[in-house]
Amino acid sequence: ISRTIDVDARAGFFLFLAIFSPLTTVLSQKNLLAIYQGKAASRLVLLLEEAGLFAVAIALVFTGTRHQFSFGESLLLASTVFTQIYAVTGTGAVQHGTSNNSFWAAWVLAMAGVRIGVTWLALPFGPVIAFSAGCYAYMIACRTLKFIAMRHHARTADLVEPGDRHDPWRDRLASLAFIVISALTFQVDKYVLSGAGLPEAVADSGAFTMLMLSPISMVFATIYRQRTRALFDPGKPARAKLGVLGRISGQFVGIIAIYLVLLALAWNLAVLLAFPFLKSAPAIGMMLGLAIVVDRLGTLLVFAAQSARMNLVTVAYKAVVMLAIALISRHLPAKDLLLGLYALYAAGSVGYFCLMAALVFRKRDHATHG
């Protein structure tokens with residue numbers, strides 16, 4: 001899509017993605033955590049959450065992209081938020097409900113090909129139609145996969161049924177706040193760059209997001225969802241899950257290391273094919289990639305802990321980091337602003353991981369001495 005539009009439209013599109021990504025992450029991740037933790041909420045609560053999110057999505061898309069899209073286009077783009085939520089929830093349920101079978105995990109990843117193919121075919125109709133068509137095709141493919149997988153595993157009697165544990169409203173709010181702040185973590189730079197009047201840099205940032213955040217997040221989600229029952233086991237504290245944490249972390253870091261090396265070696269070709277407008281050095285993208293990896297490792301500890309307190313600590317820490325990034329960015333030279341922002345991301349991610357690890361291991365030491 002970004003290859004087919006001019007600089008201003010490209011910046012507007014990536015600003016939309018900076019809205020789309022956090023919004024879709026919020027409800028889809030919250031719904032998935034409820035599935036993994038065996039918790040449930042009433043249909044009325046879910047309906048109110050979705051209605052509120054839809055209204056917020058329309059307002060943010062229309063106003064947050066510098067009115068790049070008409071109200072009708074904003075309405076259509078806002079609806080794609082829910083296609084992503086239903087698609088991700090469906091594929092997450094497939095992996096969890098089929099006992100994390102690798103065969104079905106491979107099919108989950110293959111669904112991304114449907115989205116890419118349909119988006120490509122719809123490009124002649126404009127960026128909004130192309131993006132929306134890809135989103136709706138992806139949702140239909142994922143929900144179809146869920147239907148097939150659940151029917152198959154229901155016949156073989158090894159389906160993991162969702163739990164019905166009550167989800168206290170305080171824990172639910174803490175979990176929601178954690179997901180919201182996590183979804184916003186790597187989007188601050190786009191609005192800093194936009195506020196600085198640098199549309200080319202916004203487009204570069206969007207390209208780096210597609211090259212780093214999207215694939216790294218997909219790999220992370222696919223790997224940890226292979227072990228959801230062990231990772232989210234409510235009967236074990238985080239310190240008792242170090243084995244599964246180590247296996248997930250090792251696989252995740254290993255795969256992403258290979259991806260980053262291959263991307264660095266084929267940087268010129270990859271950029272030429274995907275984002276020919278990207279002029280920034282590959283080292284800048286690698287810094288963002290490393291920041292995302294460390295951030296995901298910290299999030300893995302939060303998942304294992306299943307603690308409302310750790311969720312709230314994360315919210316407070318990341319809110320302070322994002323505010324600090326916005327303030328410090330005012331004193332960075334415009335020429336190296338993107339590099340400076342990614343360096344701040346990296347520093348914030350390292351601090352986040354260390355803080356989460358300290359909380360987990362402090363509890364371990366306390367239990368040992370007690």
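Our subject in this report is the structure included herewith. Just so you know, these numbers come straight off a predicted model, no measurement behind them.

1. Regarding the overall build of the protein chain
Okay, step 1: If you tally the helices and strands in the protein chain, you get 14 helices and 2 strands.
Okay, step 2: Here the protein chain holds 370 residues, and 48% of them are scored as buried.
Okay, step 3: The contacts in the protein chain between residues at least 6 apart in sequence include a share of 82% that link residues at least 24 apart.
Okay, step 4: Entry remark: accessible area of the protein chain is about 17000 Å², with carbon and sulfur atoms responsible for 69%.

2. Section: the pattern of salt bridges
Okay, step 1: Under the criterion given, the structure shown has 3 salt bridges.
Okay, step 2: The partner of Lys190 in a salt bridge is Asp189, with the nearest N and O atoms 4.0 Å apart. Both residues of the pair, Lys190 and Asp189, belong to the buried class.
Okay, step 3: Note that Asp295 is salt-bridged to Lys318, the shortest N-O span being 2.7 Å. Remark: Lys318 occurs in helix H13 (residues 308-328) and Asp295 occurs in helix H12 (residues 282-305); sequence separation between them is 23 residues.

3. Looking at the packing of helix H8 (residues 199-224) against H12
Okay, step 1: At a closest axis distance of 10 Å, the pairing of H8 and H12 adopts a crossing angle of 30°. In terms of axis orientation, H8 runs roughly parallel to H12. For the pair H8 and H12, the crossing hand works out as right-handed. Of the residues in H12, those in contact with Phe208, Thr209, Met212, Leu213, Ile216, Ser217, Phe220 and Tyr224 of H8 are Ile284, Gly285, Met286, Leu288, Gly289, Ile292, Val293, Arg296, Leu300 and Phe303.
Okay, step 2: For the contact of H8 with H12, a count of residues per class yields 13 nonpolar, 4 polar and 1 charged.

4. Considering a nonpolar patch on the surface
Okay, step 1: A cluster of nonpolar residues, Ile258, Val261, Leu262 and Leu265, forms a patch on the protein surface that exposes about 440 Å² of accessible area.
Okay, step 2: Among the secondary structure elements, Leu262 is positioned in helix H10 (residues 242-265).

5. Some details on the side chain of Ser74
Okay, step 1: Turning to its location among the elements, Ser74 is positioned in helix H3 (residues 71-97).
Okay, step 2: On the accessibility criterion, Ser74 (0% relative accessible area) is buried.
Okay, step 3: Discounting chain neighbours no more than four positions away, the residues touching Ser74 are Ile58, Val61, Phe62 and Phe69.

6. Observations regarding the side chain of Gln84
Okay, step 1: Structurally, the position occupied by Gln84 is in helix H3.
Okay, step 2: Excluding its chain neighbours within four sequence positions, the residues that come into contact with Gln84 are Phe20, Thr24, Arg115 and Tyr138.

7. Details of the packing of aromatic side chains
Okay, step 1: On inspection of all chains with the given rule, the structure shows 21 aromatic pairs.
Okay, step 2: Centre to centre, the rings of Phe16 and Phe69 are 6.2 Å apart; their planes meet at 75°, and the pair counts as edge-to-face. Of the two residues, Phe16 is situated in helix H1 (residues 7-36) and Phe69 in the loop between helix H2 (43-64) and H3; the sequence distance between them amounts to 53 residues. For the pair Phe16 and Phe69, one class covers both residues: buried.
Okay, step 3: Here the aromatic rings of Phe220 and Tyr224 are separated by 5.2 Å at their centres, their planes lie at 50°, and the arrangement is tilted. With Phe220 and Tyr224 both in helix H8 and 4 residues apart, the pair spans about one turn of that helix.
Okay, step 4: On the accessibility criterion, Phe220 (5% relative accessible area) is buried.
Okay, step 5: Accessibility expressed as a relative area gives 2% for Tyr224, which makes it buried.

8. A short note on unusual backbone geometry
Okay, step 1: At Gln306, a residue that is not glycine, the phi angle is positive and equals roughly 50°.
Okay, step 2: Note that Gln306 resides in the loop between H12 and H13.

9. Brief notes about the environment of Leu184
Okay, step 1: Checked against the element boundaries, Leu184 lands in helix H6 (residues 169-184).
Okay, step 2: Residues Leu184 and Val26 lie 158 residues apart in sequence; the distance between their C-alpha atoms is 9.6 Å.
Okay, step 3: Not counting the four nearest positions on each side in its chain, Leu184 is found in contact with Pro22 and Met322.

10. A word on the nonpolar core
Okay, step 1: In this structure, Phe16, Met212, Tyr224 and Leu231 are the most contacted members of the largest nonpolar core, which totals 92 residues.
Okay, step 2: If you tally residues by element for this core, the top one is H1, at 15 residues.
Okay, step 3: Setting aside chain neighbours within four positions, we find Tyr224 in contact with Gln29, Tyr36, Leu231, Phe232, Ile248, Leu300 and Phe303.
Okay, step 4: Tyr138, Cys142, Leu145 and Ala149 belong to the second largest nonpolar core, which has 11 residues in total.

11. Re helix H4 (residues 102-121)
Okay, step 1: With 20 residues, H4 ought to run about 28 Å at 1.5 Å a step, and its terminal C-alpha atoms sit 30 Å apart, in line with that.
Okay, step 2: What H4 keeps buried is the set Trp104, Ala105, Val108, Met111, Ala112, Arg115 and Thr119. Within H4, the buried residues cover an arc of 130° as seen down the axis, which keeps them to one side. Exposed residues pointing more than 90 degrees away from the buried face of H4 are listed as Ser102, Ile116, Trp120 and Leu121.

12. Side note on H10
Okay, step 1: Here H10 contains 24 residues, and its C-alpha end-to-end distance of 34 Å stays within 8% of the 34 Å for a straight helix at 1.5 Å per residue.
Okay, step 2: What H10 keeps buried is the set Val244, Leu245, Ile248, Phe252, Ile256, Leu260 and Leu263.
Okay, step 3: In this structure, the buried residues of H10 make contact with H8, helix H9 (228-231), helix H11 (267-274) and H12.

Basis of the calculations
- Every chain is numbered independently, its residues counted from 1 as its sequence is written.
- Given that this is a predicted model, residues contribute local features only at a pLDDT of at least 70 and side-chain atom pairs are listed and counted only at 80 or more, while totals for whole chains, interfaces and linings are drawn from all residues.
- Side-chain descriptors were evaluated using all non-hydrogen atoms of the structure, hydrogens and water having been removed beforehand.
- Every helix listed is a DSSP run of H or I at least four residues long, and every strand listed is a run of E at least two residues long, numbered separately from the N terminus.
- Residue exposure (1.4 Å probe, protein chains only): buried if accessible area is under 20% of the type maximum, exposed if over 50%, otherwise partly exposed.
- Contact criterion: two residues are considered in contact whenever any of their non-hydrogen atoms come within 4.5 Å of each other.
- Residue exposure ignores everything except the shown protein chains as possible cover, and the areas themselves are Shrake-Rupley values with a 1.4 Å probe.
- A pair is scored as a salt bridge if a Lys or Arg side-chain nitrogen falls within 4 Å of a carboxyl oxygen belonging to Asp or Glu.
- Axis lines are fitted to C-alpha atoms, over the contacting stretch for helices. Their N-to-C directions set the angle, which ranges from 0 to 180 degrees.
- Working rule for angles: under 35 degrees goes down as roughly parallel, over 145 as roughly antiparallel, 65 to 115 as roughly perpendicular, anything else as oblique.
- The hand of a helix crossing depends on one turn: near helix anticlockwise from the far one by less than a right angle means left-handed, and clockwise means right-handed.
- All amino acids are sorted into three groups, where Ala, Val, Leu, Ile, Met, Phe, Trp, Tyr, Cys and Pro are nonpolar, Asp, Glu, Lys and Arg are charged, and the leftover types, Gly among them, are polar.
- Patch membership requires more than 30% relative accessible area and the absence of a salt bridge. Residues of like charge join within 9 Å; the nonpolar side chains Val, Leu, Ile, Met, Phe, Trp and Tyr join within 5 Å.
- Centres within 6.5 Å make a pair out of two Phe, Tyr or Trp rings, where for Trp the six-membered ring is used; the pair is then stacked when the planes are under 30 degrees apart, edge-to-face when over 60, and tilted otherwise.
- Residues belong to a common nonpolar core when they are buried Ala, Val, Leu, Ile, Met, Phe, Trp, Tyr or Cys residues joined through side-chain atoms within 4.5 Å.
- Take the number of residues in a helix, subtract one, and multiply by 1.5 Å to get its expected span.
- As used here, the arc belongs to the directions running from the helix axis to the C-beta atoms.

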